[in-house]
Every structure is written in structure tokens, then in C-alpha cells.
Amino acid sequence: MSDLRSLHDDIAAAVPGPGTLAAFDLDGTLISGYSASVVYRDRLRRFDISVAELLRTTGAAVETRFRGADVSNLMRIGVESLAGRMEDEMQEWGQRLFRQEIARMIFSEVRGLLAAHRHAGHRVVMATSATPYQALSVAADLDIDAEDVLCTRPAVLDGMLTGKLESPPLWGPAKAEALREYAEKHGAVLGDSFAYSNGAEDVPMLKSVGHPVALNPDRKLAATARQNGWPSVNLRPPESGADPMSIARTTTAIGALMGAAAFGVSAGLLTQNRQTGANLVGSFGPDLALAICGINVRIKGKENAWSARPAVFMFNHQSSLDMLVIGSVIRRDVTGVAKKEAARDPRFIPVGALLDVAYIDRADSTKARAALRPAVEKLQSGISIAIAPEGTRSPTPRLGKFKKGGFHLAMQAGVPIVPIVIHNAGERMWRNSLVAHPGTVDVDVLAPVPTEGWNLADLDRHVDEVRTLFEDCLHAGHR
């Protein structure tokens, strides 16, 4: 069994440039588990599978799992059932399943491997037997171009699925042949290239390249890798489920945070100063809740959180933990701007009341502007603002589009922007999860960005510059 560091060393020592491919299987390799299972679970929940199809699918799955049959029959049954569906409908379905389930299945360490290959100038390819509706959203999130995705494509006529396949599924030798044709088309050298897979069915593809890697291998592939001297690496699986200890810790942490907020409200009433109560809670509440959850926050650049106040603190947003992490970084003299829905979130209500958060109805731009006016006044009075410029939680660490509200705030109040880059909170508590898992969250507080001299005509450029600071820092964390 090899380790991840030696694999990174192999990548760094390989022939640089786009003539070297890095071909990744999808299911079990880039993601933990199988996208087809997500598809079928969703169809079952929506009663979208007939009894006859279910029986045929079960039989084909048994043939594949226990008798070593390829997935051709299984794929054909699935694609036949989709005949008559519009392709744009299927694309939307795939994007929804990605956001709801598949996004959290991506191995976090895969991003580091992709970054290492890109740093060497290699061309990254996805090679999978899955359909585009399972593969393309993952590829987009991992910055793999659609033209570099080799997958099993259903036949489409006038925007509608015919129920047939364009060609045999990319399974076993067919996938190896597809990669060979791709390499020939792009002038790549397979002898210099890498291929990654978890399954023994991909031995033909692995044998076709100079650097085969058994990534999260099943038992058969692990044995083949040992026999051939191939690197064999297991990545850390994404946190999943809700074990009793994590549930207990999270529940206790929420209770402790609500208790701290109540204590802060009482202190504010006694002193007749809400900010005094908020600062008292901010000095220990987030740290207490995080400690109960077993989460350690490592902060780099902590001095930047104090060097320029008041400020608009901007952070990338993936997890409900972000609010606690941001609280642990900023600690005092801060409030926030949040979407209207957060006012009904029991995890957020005590904090929102204590900090006098401005809630924005994003469906009503008039109300949003009205809510921002007191935020500008708070900045001018010395109270900082914490805001997520993406506007909502991202399903993965990939950075979303930045909205301009926070930039308008900083510009109107004449205060700097302080970027706070949160690297891995989503691994501790996924976007739609209610349970936190123990571990470490890394945070980079970047140098303040002055806003003096900004004007509306150049605002788009300034937004892009700040977003680039986040992207560069996030990418550096994957190397």
C-alpha cells in the first residue's frame, strides 16, 4: 500500500505538459460510492420505476456483482426506461442529484491530486461508464472540461432520449479503447500518462498507461496492483451518516450556544447595551460550541482580523459550521447580514437576535436595500459586518459567484474588506447536514483590501479581484 505523499512525488516527477494524461474513473474513485445508486434511490422515492424494470434491474445487478458480467445489460435497462425524456430535463435532474447527494461523496483529497496534475501541466480526463447526467456535474465541480469527459452516452434525437445508447458502455476494454482514441486525438503519450480506478474491470485501462494507480481499490484490484507493483492508495472517505456520539455532541453544542446567547441577552439587559452582551458571548460562545463538537479551528493570519476595524469580513460559505468558525475568528464588535430564511433556523435564531442581524428578503430587492441601510450605519458606528458573498451555501468547496451586496456595503461605509478563507468546514458538517463531525477546520485570514477610491464603474473588477484572492488561497490549500 502506497501513501498519498509518494503519489504526489510521482506526479511531480512525471513528464510535464498536456502530453501526459491523468485519467480518473468516477464511481468509487473520484466519489465514495456509486452515482447509479443515487439515481435509483431518487427514482424509487418518486415512484418512477415500474415493478418490471425493478425486477430486470435487480437481475442484471446480480449478474454484474456475482457473476462478473459487464454493465452493458444494466445500462441498457436504465437507458431504455428513460426513453421519451427531454435531454435538458435529464441535465437538470443530474444537477439536482449532484447538489443534494453526490457533491458530498467527492473525496476531498482528490482535489489535491487534480491540483498536482494541473500544476505539472497534465491534461485531466474523466473516464467512466456512467452517463453524462451522473458525470458532468462532478466534472464541472472539479474543473474538468465537458470535452474531457469520456462516458456512456444515451442516443438523443431532437432533444429527446431514444432509449438506446450511442455506443457500448465504457466498461473494461471499451474504456481503455476510448482513452487510447482520446490520447491519439490530443497527441498525448499513454506511456507517460496516469490512470486511476478503484475496480478490477478497469485493469485494461490501467495497463494501457505508464503510471497506473489503484485508488480506493476493491479486493480484486488491490490483488492485481500487488502483483504488478502498482501504487495502491486509499483516500479518507467523506464523513457520512450521523453516529450517536456526533449527534450527542452537536445537540449539546446547540444547547450550549443557545445558553450562551441567553446569557449574553441577560448581560445586555443588565448593562442596557446589546453590544456588550454580544461581545461577551462572542468571546467564548463559538469556541465552546466548537470544542463540544470536537472541532479544532487553526487560524493563519489572525492578526489581519484585528488590524483594520470596522471592516466587512467576507467568507466562503459551505457549512452551517461557518458561522461558529467566523465567530471564533472575529469574536467581538460584529454583526451580520443573512437571508430571511435564517430567521427561522433554530441553530441561528439566538445568535441572530443577540447580534441584531439584518435579514434580507432576496426575493424583494426593495426590502433588501432597506435592510442594508442599517448595516452601513453599523459600519460607520464601528461595528463590523460578516457576510458570505456567495449568498448561499455551496455544495462543495468550489467557490460560487460573488454577489455585490457586501462590496456595496464596504464602499458606501468607506471600510476595508477582510477575506476569510475557510478550507474544509464542509468535511466536518456537510451543506444539508444537521450533525457535525470532529476534526480540524483550517482558516486563512487574508490582508485587508482597502476600498478607498472605489466607484461603481469599476466594481465588477474589484469583485473579481477579491474572488481571485479566495480562489488562489483555496487552490493553494489543495497542493
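Keep in mind the model is a prediction, meaning the values are calculated, not measured. Numbers given to residues run from 1 along each chain, matching the order in which its sequence is written. It should be noted that, the model being predicted, local features are given only for residues of pLDDT at least 70 and side-chain atom pairs only at 80 or more, the latter also being counted only at that level, while totals for whole chains, interfaces and linings use all residues. Just so you know, side-chain values use all the structure's heavy atoms and leave hydrogens and water out.

**Quick look at the packing of aromatic side chains**
A ring pair, where both rings are aromatic, is described by two values, the distance of the centres and the angle of the planes. Only centres within 6.5 Å qualify two rings of Phe, Tyr or Trp (six-membered ring in Trp) as a pair; their planes then separate them into stacked at under 30 degrees, edge-to-face at over 60, and tilted for everything else. Scanning all chains against the criterion turns up 5 aromatic pairs. With 4.1 Å between their ring centres and 5° between their planes, Phe-24 and Tyr-196 make a pair best called stacked. Pair noted here: Phe-24 is in strand S1 (residues 21–24) and Tyr-196 is in strand S6 (residues 194–197), with a separation of 172 residues, a long-range link. Side by side, Phe-24 and Tyr-196 carry an identical accessibility label, which is buried. Ring centres of Phe-402 and Phe-470 lie 5.4 Å apart, and the angle between their planes is 80°; this geometry places the pair in the edge-to-face category. Of this pair, Phe-402 sits in the loop between strand S13 (384–387) and helix H17 (405–413) while Phe-470 sits in helix H19 (residues 459–477), placing them 68 residues apart in sequence. Ring pairs connect the aromatic residues Phe-402, Phe-407, Trp-454 and Phe-470, which therefore count as one cluster. Here, a charge over a ring is recorded when the distance from Lys NZ or Arg CZ to the ring centre is within 6 Å and its angle to the ring normal is within 35 degrees. Here Arg-309 stacks its cationic end above the ring of Trp-306, 4.0 Å away from the centre of that ring. Numbering of helices and strands starts at the N terminus; helices are DSSP runs of H or I of at least 4 residues and strands are runs of E of at least 2. Relative accessibility thresholds used throughout: buried, under 20% of the residue-type maximum; exposed, over 50%; partly exposed, between the two (1.4 Å probe, protein chains only).

**Topic: the pattern of salt bridges**
Criterion for a salt bridge: a side-chain nitrogen of Lys or Arg within 4 Å of a carboxyl oxygen of Asp or Glu. Scanning the entire structure with this criterion turns up 20 salt bridges. The partner of Glu-427 in a salt bridge is Arg-236, with the nearest N and O atoms 3.8 Å apart. Of this pair, Glu-427 sits in helix H18 (residues 425–428) while Arg-236 sits in the loop between strand S8 (232–233) and helix H11 (244–271); the two residues are 191 residues apart in sequence, bridging distant segments of the chain. Glu-427 gets classed as partly exposed once you look at its relative accessible area, which sits at 25%. Salt bridges sharing common partners tie together Arg-41, Asp-42, Arg-45, Arg-46, Arg-96 and Glu-101.

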